[in-house]
Amino acid sequence: MKLRRSWAVKTFTKGLEFFRIVAVLAENEGHHPDLHLVGWNNVTIEIWTHAVGGLTENDFILAAKIDKLDVLDLLRRKPSD
Ligand SMILES: C[C@H](O)[C@H](O)[C@H]1CNC2=NC(N)=NC(=O)C2=N1
């Protein structure tokens, strides 16, 4: 079981900017997601705790903080939810 969310970014480079922002957060949290940039503009982030091979509270905390990031200027459209 993993937490997974995808976003369509405006450009490949904006996808990398997204990753850079997430990387700062991940370093601060001491918890690190899997980052995928596929098909030039599809960003998918997967979160789980490798150490236990499943989900822990830290995963939900990181996911919630990623959801709150101000990345609208990087996206093709607003996230649907
Ligand atoms: C020592 C260090 O805190 C651990 O290796 C952390 C780092 N970040 C991590 N991130 C994630 N997603 N899962 C882990 O098990 C994990 N372990």
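The rules behind each value
Residues numbered from 1 in each chain as written. Predicted model: local features only at pLDDT ≥ 70, side-chain atom pairs only at ≥ 80, totals over all residues. Heavy atoms only, no water. Helix = DSSP H or I, 4+ residues; strand = E, 2+ residues; numbered from the N terminus. Rg over C-alpha atoms; globule rule 2.2 N^0.38 Å. Buried < 20%, exposed > 50% of the residue type's maximum accessible area, 1.4 Å probe, protein only. Lys, Arg positive; Asp, Glu negative; His and termini not counted. Charge placed at Lys NZ, Arg CZ, Asp CG, Glu CD. Near = heavy atom within 4 Å. Polar contact = N/O pair within 3.5 Å; in protein donor to acceptor, adjacent residues only side chain to side chain. Areas by Shrake-Rupley, 256 points an atom, 1.4 Å probe, with all protein chains shown as cover. Nonpolar A, V, L, I, M, F, W, Y, C, P; charged D, E, K, R; others polar. Contact = heavy atoms within 4.5 Å.

## Quick notes on the overall build of the protein
- Helices and strands together make up the secondary structure of the protein, namely two helices and three strands.
- Helices and strands in the protein line up, N terminus first, as β-α-β-β-α.
- Since a compact globule built from 81 residues should have a radius of gyration of about 12 Å, the 12 Å found for the protein is in line with a globular shape.
- Here the C-alpha coordinates of the protein stretch approximately 35 × 20 × 20 Å along the principal axes.
- Taking all 81 residues of the protein together, 33% fall into the buried category.
- Within the protein, one finds 11 positive and 11 negative side-chain charges whose respective centroids are separated by 8 Å.

## Concerning the site of the ligand
- Residues in close proximity to the ligand include Gly-30, His-31, His-32, Trp-48, Thr-49, His-50 and Ala-51, which together make up its full environment.
- One of the backbone N or O atoms of His-32 is found 2.9 Å from a nitrogen atom in the ligand.
- At 2.8 Å, a backbone N or O of Trp-48 approaches a nitrogen atom of the ligand.
- Bound to the protein, the ligand loses 53% of the 390 Å² it would expose on its own.
- Of the residues contributing to the shell around the ligand, the split by class is two nonpolar, five polar and no charged.

## A closer look at the environment of Lys-10
- Within the element layout of this structure, Lys-10 appears in the loop between β1 (3–8) and α1 (12–29).
- Considered as a pair, Lys-10 and Gly-30 are 20 residues apart in the sequence and their alpha carbons are 29 Å apart.
- Beyond its immediate stretch of four places on either side in the chain, Lys-10 contacts Trp-40, Asp-73, Leu-74, Leu-75 and Arg-76.
- A polar atom in the side chain of Lys-10 sits 3.0 Å from the backbone oxygen of Asp-73.

Spatial relationships are all this shows, so hold off on functional conclusions.
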